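Each chain, letter by letter, is given below.
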Amino acid sequence: MRPRILDDPPSTSSADTAPAAIELRGLTRHFGERTALQDVTIAVPTGATLAVLGRNGAGKSTLLRILATLLRPHAGEVTVLGEPLPRRGFAVRGRLGLLGHDPLLYRDLSGRENLRYHARLHGVSPDRVEELIVAVGMERRADEAVRLLSRGMTQRLAVCRAVLHQPELLLLDEPRAHLDPAAAVLAEPLIGAGAGVTRVLTSHDPRSALAEADLVLGLIDGRVAFAGSPQGFGDAELRELYG
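Calculation notes
Residues numbered from 1 in each chain as written. Predicted model: local features only at pLDDT ≥ 70, side-chain atom pairs only at ≥ 80, totals over all residues. Heavy atoms only, no water. Core = buried A, V, L, I, M, F, W, Y, C linked by side-chain atoms within 4.5 Å. Buried < 20%, exposed > 50% of the residue type's maximum accessible area, 1.4 Å probe, protein only. Helix = DSSP H or I, 4+ residues; strand = E, 2+ residues; numbered from the N terminus. Arc of directions from axis to C-beta. Axes fitted to C-alpha atoms, helices over the stretch in contact; angles between N-to-C directions. Parallel < 35°, antiparallel > 145°, perpendicular 65-115°, else oblique. Left-handed = near helix turned anticlockwise from the far one by under 90°. Contact = heavy atoms within 4.5 Å. Nonpolar A, V, L, I, M, F, W, Y, C, P; charged D, E, K, R; others polar. Salt bridge = Lys/Arg side-chain N within 4 Å of Asp/Glu carboxyl O.

Focus on the nonpolar core
At step 1: Core analysis: the largest hydrophobic core is formed by 41 residues, its most contacted members being Leu 53, Ile 191 and Phe 233.
At step 2: Grouped together as the second largest cluster of nonpolar side chains are 33 residues, Leu 27, Ile 42, Ala 68 and Leu 85 included.

Right, dumping it as structure tokens:
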């Protein structure tokens, strides 16, 4: 499959003055005999949002896990925040925030205890914990064990955990899943386009992802089908990706 390069994205001041936050060259990852990602190449400017689109199994979550230093590539070059992965993964982990399908919270601890634990790991003031609890509307439930909370409330806490240390890069795997409309509004300043950081996001709603993206990467069976500006991505491309 030869990738189709869509219209170039509009330049931004951050793109003009700062190095790319993410650079992938020929990224390849296998799981046994199955190829999850094959020869993925793209650069994401600092401060930009990349939407990664494709059906289940296309390689979206695998890509985010590699960027998060949770998986090693089998071939190609990966540079995140100026550091080559996986060799310099230790220099990147504290500068990124991951929000995925697993909330990464201890179920027997309360929400507040979980966030205070992560705050200590990152050297963050407890005041930041309280600020975020208020921001996502969890003041009344923050002292309950996570296992007693609904999936939506747990996701609110996961949002807090992901942004607690004010990361430079947010890796968002269907970040609004399980959030009702009111909760999604509360989370928007923390993980949305206005967060002011580089973002890589996937979404079960590709049109909403395109609306907030500066770049789009369309994957089919781990290979790049489309790359470039969302302005060049229309109904025909969506049909090809999702069938």
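What about helix α8 (residues 235-242)?
At step 1: Those residues of α8 that fall on the buried side of the exposure criterion are Glu 237, Leu 238 and Leu 241. Considered in projection along α8, the buried side chains sweep an arc of 100° and stay on one side of the axis.
At step 2: Immediately beyond the C-terminal end of α8, within one or two residues, lies Gly 243, with a positive phi of roughly 70°.

What about the packing of helix α3 (residues 111-122) against helix α5 (residues 151-163)?
At step 1: Orientation of α3 relative to α5, taken along the N-to-C sense of each, is 15°, at an axis distance of 10 Å. Classified by the angle between their axes, α3 and α5 sit roughly parallel to one another. Of the two possible hands of crossing, α3 and α5 adopt the one that is right-handed. For the pair α3 and α5, the contacting residues are Gly 111, Leu 115 and His 118 in the first and Leu 157, Cys 160 and Arg 161 in the second.
At step 2: For the contact of α3 with α5, the per-class residue count stands at three nonpolar, two polar and one charged.

Considerations on the pattern of salt bridges
At step 1: Applying the stated rule across the entire model yields 14 salt bridges.
At step 2: The partner of Glu 130 in a salt bridge is Arg 116, and the shortest N-O contact between them spans 3.4 Å. Linking Glu 130 in helix α4 (residues 126-135) with Arg 116 in helix α3, this pair joins segments that are 14 residues apart in sequence.
At step 3: Residue Glu 212 pairs with Arg 176 through a salt bridge whose shortest N-O separation is 3.2 Å. Taken together, the positions of Glu 212 in the loop between α7 (206-211) and β10 (215-220) and Arg 176 in the loop between β8 (169-173) and α6 (181-191) put the pair 36 residues apart, joining distant regions of the chain.
At step 4: Residue classification places Arg 176 among the partly exposed positions, given a relative accessible area of 26%.
At step 5: Through salt bridges that share partners, Arg 112, Arg 116, Glu 130 and Asp 143 make up one connected network.

Considerations on the side chain of His 118
At step 1: Structurally, the position occupied by His 118 is in helix α3.
At step 2: Look at His 118 and you get buried, because its relative accessible area is 15%.
At step 3: When near neighbours in sequence (up to four residues on either side) are disregarded, His 118 contacts Leu 104, Arg 161 and Leu 164.

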